[in-house]
Amino acid sequence: MRAHLQDFYGHYSVRGIEVVNQHFDDWFFFHELRWTVEVRKGPDAGGVFRYHTAEYAEVSAAGLVVARIGHDTDQLRIG
């Protein structure tokens, strides 16, 4: 996970994250986020893109995440 996040933040600058939807309960949480990012390097450097992520996770009585699933949309160039 660390390598993935280092690679992500090495490639993109996050311009903004908006909460589209979220729900928290005793045993699970869900959130949908709208990301706006700027590409730092490569052929799209300087380009601004937007996409959505959704994540659902189940939480144990001890407060530990025991299952998680996430998905994202394709990036849409906006600038």
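Remember, predicted model here, so these are calculated numbers, not experimental data.

*Asks:* How should a nonpolar patch on the surface be read in this particular structure?
*Replies:* On the surface, Met1, Leu5, Tyr9, Val14 and Ile17 cluster together to form a nonpolar patch covering roughly 490 Å² of accessible area. Those elements that place two or more of their residues in the nonpolar patch are α1 (2-11) and β1 (12-24). Tracing the sequence through the fold places leucine 5 in helix α1.

*Asks:* Explain the pairing of strand β2 (residues 28-39) to me, please; I cannot follow it from the model alone.
*Replies:* Put simply, side chains in a regular strand alternate between the two faces of the sheet. Bridging between β1 and β2 involves 11 bridges; their strand directions are antiparallel. Residue pairing in the sheet places asparagine 21 in a bridge with glutamate 32 of β2. Where β1 hands over to β2, the hairpin turn is made up of three residues, counted between the paired strands. Pairing analysis gives 11 bridges linking β2 to strand β3 (residues 48-59), with the strands arranged antiparallel. Counterpart to valine 37 in the pairing with β3 is phenylalanine 49.

*Asks:* Help me understand the environment of threonine 53 in this model?
*Replies:* In this fold, threonine 53 is placed in strand β3. For threonine 53, a relative accessible area of 18% corresponds to the buried category. Note: C-alpha distance between threonine 53 and aspartate 74 (21 residues apart in sequence) is 9.7 Å. The residues touching threonine 53, leaving out its near neighbours within four places in the chain, are His31, Glu32, Leu33, Trp35, His71 and Asp72. Of the polar contacts made by the side chain of threonine 53, one reaches the side chain of tryptophan 35; its length is 3.0 Å.

*Asks:* Please clarify how the packing of aromatic side chains should be interpreted in this entry.
*Replies:* The description of an aromatic ring pair uses the distance of the two centres, along with the angle that the planes make with each other. Counting across every chain of the model gives seven aromatic pairs. Ring plane angle 35° and centroid distance 5.8 Å describe the contact between phenylalanine 28 and tyrosine 56, whose orientation is recorded as tilted. Residue phenylalanine 28 is located in strand β2, and its partner tyrosine 56 is located in strand β3; the two are separated by 28 residues in the primary sequence. Using a relative accessible area of 27% as the deciding quantity, one classes tyrosine 56 as partly exposed. Ring geometry for tryptophan 35 and tyrosine 51: centres 6.1 Å apart, planes at 5°, overall stacked. Residue tryptophan 35 is located in strand β2, and its partner tyrosine 51 is located in strand β3; the two are separated by 16 residues in the primary sequence. Accessibility classification places tryptophan 35 together with tyrosine 51 in one group, the buried group.

Rules and cut-offs
- Residues numbered from 1 in each chain as written.
- Predicted model: local features only at pLDDT ≥ 70, side-chain atom pairs only at ≥ 80, totals over all residues.
- Heavy atoms only, no water.
- Patch = residues over 30% accessible without salt bridge, like charges linked within 9 Å, V, L, I, M, F, W, Y side chains within 5 Å.
- Areas by Shrake-Rupley, 256 points an atom, 1.4 Å probe, with all protein chains shown as cover.
- Salt bridge = Lys/Arg side-chain N within 4 Å of Asp/Glu carboxyl O.
- Helix = DSSP H or I, 4+ residues; strand = E, 2+ residues; numbered from the N terminus.
- Pairing = 2+ DSSP bridges.
- Buried < 20%, exposed > 50% of the residue type's maximum accessible area, 1.4 Å probe, protein only.
- Contact = heavy atoms within 4.5 Å.
- Polar contact = N/O pair within 3.5 Å; in protein donor to acceptor, adjacent residues only side chain to side chain.
- Phe/Tyr/Trp six-rings, centres within 6.5 Å; stacked < 30°, edge-to-face > 60°.

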